[in-house]
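# An overview of the molecular structure
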Amino acid sequence: MKETITFGGISAKPGSKASGWTPVPGTDARFPVTVINGQEEGKTVLITSAIHGCEYPSIEAVFELAEGLDPKEIHGQIVIINPVNVEAFINRRPYVVPADGKNLNRLFPPDKDGTTGDRMAYVLAEEFIKKVDFHIDTHGGDIPETQPSYVYYPGISDCQEALDISEEAAQYVLHAKYMLKSRATNHAYTFSAMVGVPSLELELGECCRWSREEVDAYLENVLNVLKYLKVYPGQAVKRPAEAEIKTITEGVYLDADYSGRWYPLAGRDDKIKKGQKIGYIKDLFGNVLKEYFAEFDAEILMVVATLAIKEGDPIMAYGR
Ligand SMILES: [Zn+2]
């Protein structure tokens, strides 16, 4: 017999859906939460979106899931937080939590006594992530970023089962050019794996666009993973062998060494060679401040498209 479930103070009876705000104590932040309590028994899945507030295909797809999923069709429970980073979404602020300028996807494991972003991470960890069986965190290229679609799966945890399930689930993300095994531990989804909850981070969409095609592709990706987890009805489709996507296990994530003008010399679908010059930064008078060269032969994962660049912000990512 199913029971009423409660996440972040929002309760839903079996076969019903409830929405409301979960406060983040000690801050002005709060999370818009939708709790879907399925009619039948099954796993509990957390779907988060807009940890980065402007990655629109993911955010719109997850809005549509929260509004459109029918609890009568769900086996188990789905908990949705979207947009996680409300102030960034409303204010169109890439990368960070506006209140403290921190990247929420680098604040795990969280400091519960820190600033707004740290405390948001703490509530995500304690009230949500640690209480579920699977975590899907949805992203895409942020406002300045061009990139192909891919799926990250965690590569570090003492819980081998969580890593194995994550890697298998990644095979069910249909629209993805690459699978990336992450060595990070401070992202939301990598933290999930560290505490034994299998997880994925999906990346699709770029550069503040959001088309119907991208949103539909996103929905297909998420729903297929939910089918794989047997939370959503229907047969999950595993990616056919001939559509095998490249698995990337080593990545380089370059941040700008200076503020000024950014000139990338490789595009989102390019392959680069070891030693190749891949971009440079000039100051406002035309002096070259820094040139960047590829450390190894690699595929491009992300290129910032804006001419303006700020010291410390991402400029390019590549991997092999
Ligand atoms: Zn993101």
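Residues numbered from 1 in each chain as written. Predicted model: local features only at pLDDT ≥ 70, side-chain atom pairs only at ≥ 80, totals over all residues. Heavy atoms only, no water.

### Some words on the overall build of the protein chain
Along the protein chain, the regular secondary structure elements total 6 helices and 20 strands. Dimensions of the protein chain, computed from C-alpha atoms along their principal axes, come out at roughly 70 × 50 × 40 Å. Counting across all 320 residues of the protein chain, residues that qualify as buried make up 55%. Working note: accessible area of the protein chain is about 13,800 Å², and carbon and sulfur atoms make up 49% of it. Taking the average location of the 34 positive side-chain charges in the protein chain and that of its 47 negative ones, the two points are 2 Å from each other. (Helix = DSSP H or I, 4+ residues; strand = E, 2+ residues; numbered from the N terminus. Buried < 20%, exposed > 50% of the residue type's maximum accessible area, 1.4 Å probe, protein only. Areas by Shrake-Rupley, 256 points an atom, 1.4 Å probe, with all protein chains shown as cover. Lys, Arg positive; Asp, Glu negative; His and termini not counted. Charge placed at Lys NZ, Arg CZ, Asp CG, Glu CD.)

### Remarks on helix 3 (residues 116-128)
Spanning 13 residues, helix 3 covers 17 Å between terminal C-alpha atoms, matching the ideal 18 Å at 1.5 Å per step. Among the residues of helix 3, those classed as buried are Thr116, Gly117, Asp118, Met120, Ala121, Val123, Leu124, Ala125 and Phe128. Against the buried residues of helix 3 lie strand 1 (5-7), strand 3 (16-23), strand 4 (30-37), strand 5 (40-49), strand 6 (75-81) and helix 5 (188-194). (Expected span 1.5 Å × (residues − 1). Contact = heavy atoms within 4.5 Å.)

### A short note on the side chain of aspartate 142
Along the chain, the position of aspartate 142 falls in the loop between strand 7 (134-139) and strand 8 (145-146). Here tyrosine 95 takes part through its backbone nitrogen, which lies 2.9 Å from a polar atom of the side chain of aspartate 142. With sequence-adjacent residues up to four places away left out, aspartate 142 is seen in contact with His52, Cys54, Glu55, Pro94, Tyr95, Cys207 and Cys208. (Polar contact = N/O pair within 3.5 Å; in protein donor to acceptor, adjacent residues only side chain to side chain.)

### Examining the domain arrangement of the protein chain
A common measure of how large an interface is: the accessible area buried when the components associate. Taken domain by domain, the protein chain holds domain 1 (5-246) and domain 2 (250-319). Counting residues at the interface gives 15 residues for domain 1 and 14 residues for domain 2. Seen at the junction of domain 1 and domain 2, the total is 3 salt bridges. The closest approach of N and O atoms between aspartate 269 and lysine 177, which form a salt bridge, is 3.1 Å. (Domains from an automatic or database assignment. Salt bridge = Lys/Arg side-chain N within 4 Å of Asp/Glu carboxyl O.)

### Overview of the environment of glycine 26
Checked against the element boundaries, glycine 26 lands in the loop between strand 3 and strand 4. For glycine 26, a relative accessible area of 70% puts it in the exposed group.

### Side note on the side chain of serine 166
Note that serine 166 resides in helix 4 (residues 160-170). With relative accessibility at 0%, the residue serine 166 sits in the buried group. In this view, serine 166 contacts Tyr153, Pro154, Pro198, Ser199 and Leu200; residues no more than four positions away in its chain are not counted.

### A few points about the coordination of the zinc ion
His52 (ND1), Glu55 (OE), Glu55 (OE) and His139 (ND1) make up the full set of protein donors to the zinc ion, lying at 2.1 to 2.4 Å. The motif formed by the donor residues of the zinc ion, counted along the single chain, is H-x2-E-x83-H. For histidine 52, a relative accessible area of 8% puts it in the buried group. With a relative accessible area of 3%, glutamate 55 lands in the buried category. (Donors = N, O, S within 2.8 Å, 3.2 Å for Na, K, Ca; no water.)

### Remarks on the state of the cysteines
Under the definition given, this model contains 0 disulfides. Free of any disulfide, cysteine 207 has its nearest neighbouring cysteine sulfur in cysteine 208, separated by 6.3 Å. (Disulfide = S-S within 2.5 Å.)

### Focus: the sheet that holds strand 11 (residues 199-203)
In spatial order, the strands read 3-4-6-5-7-11-9-10-12; together these 9 strands make up an open sheet with mixed pairing. Each end of this open sheet is capped by a strand with a single partner; those strands are strand 3 and strand 12 (246-248). Ignoring strand direction, the axes of neighbouring strands in this sheet form an average angle of 20°. The pairing of strand 9 (residues 150-154) with strand 10 (residues 178-182) spans 5 bridges and is parallel. Bridging from a neighbouring strand, tyrosine 153 pairs with lysine 181 of strand 10. Relative to strand 5, helix 1 (residues 56-68) is tilted by about 145°, and along the sheet it contacts strand 3, strand 4, strand 5, strand 6 and strand 7. Helix 3 contacts strand 3, strand 4, strand 5 and strand 6 of the sheet and is inclined by roughly 15° relative to strand 4. (Pairing = 2+ DSSP bridges. Axes fitted to C-alpha atoms, helices over the stretch in contact; angles between N-to-C directions.)

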